[in-house]
Amino acid sequence: MSASIGHNPFLLRINSTNQLPISKLKFPFRFSVSTTPARNRTFASMSYDTQLAAAKKASSLAARLCQKVQKALLQADVQSKSDKSPVTVADYGSQAIISFILQKELPSIPFSLVAEEDSDDLRKEESRETLHRITELVNETLASDGISPLSEEQVLVAIDKGVSEGGPHGQHWVLDPIDGTKGFVRGDQYAIALALLDEGKVVLGVLACPNLPLASIAKRDESISEDKTGCLFFAKLNAGTYMQNLDGSSPTKVHVSDIENSEEASFFESYEAAHSSHDLSSLIAKKLGVKAPAVRIDSQAKYGALSRGDGAIYLRFPRKGYREKIWDHAAGYIVVAEAGGVASDAAGNPLDFSKGRYLDLDTGIIVTNHKLMPALLKAVQESIKEKVSSL
Ligand SMILES: Nc1ncnc2c1ncn2[C@@H]1O[C@H](COP(=O)(O)O)[C@@H](O)[C@H]1OP(=O)(O)O
Ligand SMILES: [Mg+2]
Ligand SMILES: [Mg+2]
Ligand SMILES: [Mg+2]
């Protein structure tokens with residue numbers, strides 16, 4: 001980006017160091033023109049409306065593909081990656097669709113995507129059938145929106161755009177095409193999680209949660225199974241968090257729980273004990289006097305549910321040595337933050353998405369509202385100390 005010219009009030013300040021003459025901004029880069037002196041404005045004043053609309057469209061289409069696959073999930077749709085995690089045609093299909101739609105909708109903006117999947121396994125001879133199936137699924141989904149079909153090579157290229165390393169400069173999309181693969185395969189919760197980083201900060205996020213009930217899951221009667229499901233959460237920096245029906249109803253603003261008394265709080269954690277220590281979270285809950293049992297669900301759907309106050313706390317403590325990836329938290333993080341919540345690591349440090357594909361963390365991730373955070377942090381730190389000394 002070209003830097004220029006002193007304190008011209010008609011410069012748009014796009015971050016703390018770069019200034020761009022308005023005439024050099026390419027369409028459809030939207031922003032609100034202001035006569036505020038450039039030095040008083042930040043990149044946060046850009047609207048990101050075009051990017052948000054593209055992200056919502058891409059995620060909704062990907063969700064359509066995922067829903068179709070989950071319904072028809074057969075053993076043959078599950079492949080084993082070298083790390084042995086189950087990867088389905090839906091992970092690849094979702095990533096291909098989102099990568100393709102973002103580039104199509106935002107042709108004038110340089111495209112960088114940090115995403116979970118790559119096509120290495122898919123390019124192998126033994127994956128021909130799988131690639132064929134993915135391309136078919138992608139094209140059926142695109143056709144439902146009147147978009148022309150892609151070739152198998154175009155699908156592979158779209159998937160491989162996700163190799164970006166992200167980092168502290170410029171704009172990078174961050175994508176988990178299916179977050180909570182285990183939940184997806186089980187027929188439970190999963191999310192399509194897409195966020196945008198600008199100069200290392202998350203500036204927008206979209207979470208599509210096809211199996212999450214539109215109504216609160218707080219005190220749900222499990223026997224009522226006809227709850228309407230399919231939520232799309234979206235958030236933009238300084239503009240709040242909204243939720244709409246995945247099918248496209250008008251959005252409503254959401255807010256995190258305002259509970260101040262931790263005894264009344266309920267908390268979310270991973271369904272899979274292998275992803276987050278249930279022992280540690282129950283010790284923390286005991287210290288806080290939490291009465292309700294843990295709500296265990298897969299994926300960043302937990303962030304979505306937290307953003308609308310279904311529960312007040314999210315605890316995540318992966319086993320030692322596990323490195324959290326930015327696509328597992330970026331969208332969920334802004335959805336909760338813009339709904340009035342706060343996320344940190346177990347030492348109370350804010351989450352830093354500017355370090356590349358991984359988050360650098362102390363022990364775990366905790367999320368709650370601002371009022372509960374001090375007590376939660378204290379309980380977390382005491383519990384970790386007790387656990388370590390009892391080993
Ligand atoms: N051993 C692990 N520990 C913690 N998280 C993991 C582990 N293996 C995979 N994950 C990732 O954790 C997230 C699921 O966590 P949750 O338990 O909250 O559903 C997913 O992003 C999943 O990746 P994936 O996107 O491949 O499903
Ligand atoms: Mg994930
Ligand atoms: Mg995933
Ligand atoms: Mg995975």
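Everything that follows concerns the structure shown earlier in this document.
These lines cover the structure that appears in this document, whether it is placed above or below. (Residues numbered from 1 in each chain as written. Chains lettered and ligands numbered in written order. Predicted model: local features only at pLDDT ≥ 70, side-chain atom pairs only at ≥ 80, totals over all residues. Heavy atoms only, no water.)

1. Some thoughts on the coordination of the magnesium ion (ligand 2)
Ideal donor angles around a metal are set by the shape: a four-donor tetrahedron calls for 109.5 degrees, a six-donor octahedron for 90 or 180 degrees.
And then number 1: The protein atoms that coordinate the magnesium ion (ligand 2) are Asp176 (OD), Asp179 (OD) and Asp328 (OD), at distances of 1.9 to 2.2 Å.
And then number 2: As a motif over one chain, the donors of the magnesium ion (ligand 2) read D-x2-D-x148-D. (Donors = N, O, S within 2.8 Å, 3.2 Å for Na, K, Ca; no water.)

2. Looking at the packing of aromatic side chains
Aromatic ring pairs are described here by two measures, namely the spacing of the ring centres and the angle between the planes.
And then number 1: Following the criterion strictly, the structure yields four aromatic pairs and no others.
And then number 2: Taking 4.8 Å as the distance between ring centres and 85° as the angle between the ring planes, the aromatic pair formed by phenylalanine 184 and tyrosine 190 counts as edge-to-face.
And then number 3: Judged by its relative accessible area of 0%, phenylalanine 184 is buried.
And then number 4: Geometrically, the ring pair formed by tyrosine 333 and phenylalanine 353 is tilted, given 5.3 Å between the ring centres and 45° between the ring planes. Taken together, the residues span a long stretch of sequence, with tyrosine 333 in helix α8 (residues 330–337) and phenylalanine 353 in the loop between β15 (341–345) and β16 (365–369) at a distance of 20 residues.
And then number 5: For tyrosine 333, a relative accessible area of 24% translates into the label partly exposed.
And then number 6: Note that arginine 186 overlies the ring of tyrosine 271, its terminal NZ or CZ placed 3.7 Å from the centroid.
And then number 7: Its end group placed over the ring of tyrosine 358, arginine 323 keeps NZ or CZ at 3.9 Å from the ring centre. (Phe/Tyr/Trp six-rings, centres within 6.5 Å; stacked < 30°, edge-to-face > 60°. Buried < 20%, exposed > 50% of the residue type's maximum accessible area, 1.4 Å probe, protein only. Helix = DSSP H or I, 4+ residues; strand = E, 2+ residues; numbered from the N terminus. Lys NZ or Arg CZ within 6 Å of the ring centre and 35° of its normal.)

3. Re the site of ligand 1
And then number 1: Residues in close proximity to ligand 1 total 17 residues, the closest being Asp179, Ser270, Ser299, Lys302 and Asp328.
And then number 2: Within the contact set of ligand 1, an oxygen atom lies 3.4 Å away from a backbone nitrogen or oxygen of isoleucine 178.
And then number 3: Measuring from an oxygen atom of ligand 1, one finds a backbone N or O atom of serine 299 at 2.5 Å.
And then number 4: Burial of ligand 1 by the protein chains amounts to 87% of its free accessible area of 560 Å².
And then number 5: At three residues, strand β6 (residues 171–179) tops the list of elements feeding residues into the shell around ligand 1. (Near = heavy atom within 4 Å. Polar contact = N/O pair within 3.5 Å; in protein donor to acceptor, adjacent residues only side chain to side chain. Areas by Shrake-Rupley, 256 points an atom, 1.4 Å probe, with all protein chains shown as cover.)

4. Concerning the sheet that holds strand β13 (residues 295–296)
And then number 1: Reading across the sheet, the five strands line up as β13-β12-β14-β16-β15 and stay open at both edges, with mixed pairing between neighbours. Both edges of this open sheet fall to β13 and β15, since each of them pairs with a single strand only.
And then number 2: Relative to strand β14 (residues 313–316), strand β12 (residues 267–269) is paired through two bridges, and the arrangement is parallel. By the bridge assignment, phenylalanine 267 is partnered in β14 with isoleucine 313.
And then number 3: Across the sheet, helix α6 (residues 278–288) touches β12, β13 and β14, and the angle it forms with β12 is around 170°. (Pairing = 2+ DSSP bridges. Contact = heavy atoms within 4.5 Å. Axes fitted to C-alpha atoms, helices over the stretch in contact; angles between N-to-C directions.)

5. Things to note about the pattern of salt bridges
A pair can form between side chains of opposite charge whenever their charged atoms are brought close.
And then number 1: Taken as a whole and assessed by the stated rule, the structure comprises 22 salt bridges.
And then number 2: With a shortest N-O distance of 3.2 Å, lysine 291 and glutamate 263 are connected by a salt bridge. With lysine 291 in the loop between α6 and β13 and glutamate 263 in the loop between β11 (252–254) and β12, the pair connects residues that are 28 residues apart, well separated along the chain.
And then number 3: On the basis of relative accessibility, which here comes to 39%, the residue glutamate 263 falls in the partly exposed class.
And then number 4: Of the charged contacts, one joins lysine 355 and aspartate 352 as a salt bridge, the two residues approaching to 3.3 Å between their closest N and O atoms.
And then number 5: A cluster of three or more residues bridged by salt bridges with shared partners is formed by Arg186, Asp188, Glu272 and Asp298. (Salt bridge = Lys/Arg side-chain N within 4 Å of Asp/Glu carboxyl O.)

6. So, the sheet that holds strand β9 (residues 229–236)
And then number 1: In spatial order, the strands read β5-β6-β7-β8-β9-β10-β11; together these seven strands make up an open sheet with mixed pairing. Where the open sheet ends on each side, the last strands, each with one partner, are β5 (113–115) and β11. Across this sheet, the average inter-strand angle for adjacent strands is 20°, counted without regard to direction.
And then number 2: Judged from the seven bridges that link them, strand β7 (residues 191–198) and strand β8 (residues 201–213) form a sheet pairing that is antiparallel. Considered in β8, the bridge of alanine 193 is made with leucine 207.
And then number 3: The strands touched by helix α1 (residues 49–71) are β6, β7, β8, β9 and β10 (241–245); relative to β8, the strand with the most contacts, the crossing angle is about 30°.
And then number 4: Taken strand by strand, helix α2 (residues 89–105) contacts β5, β6 and β7, and its axis lies near 150° from that of β6.

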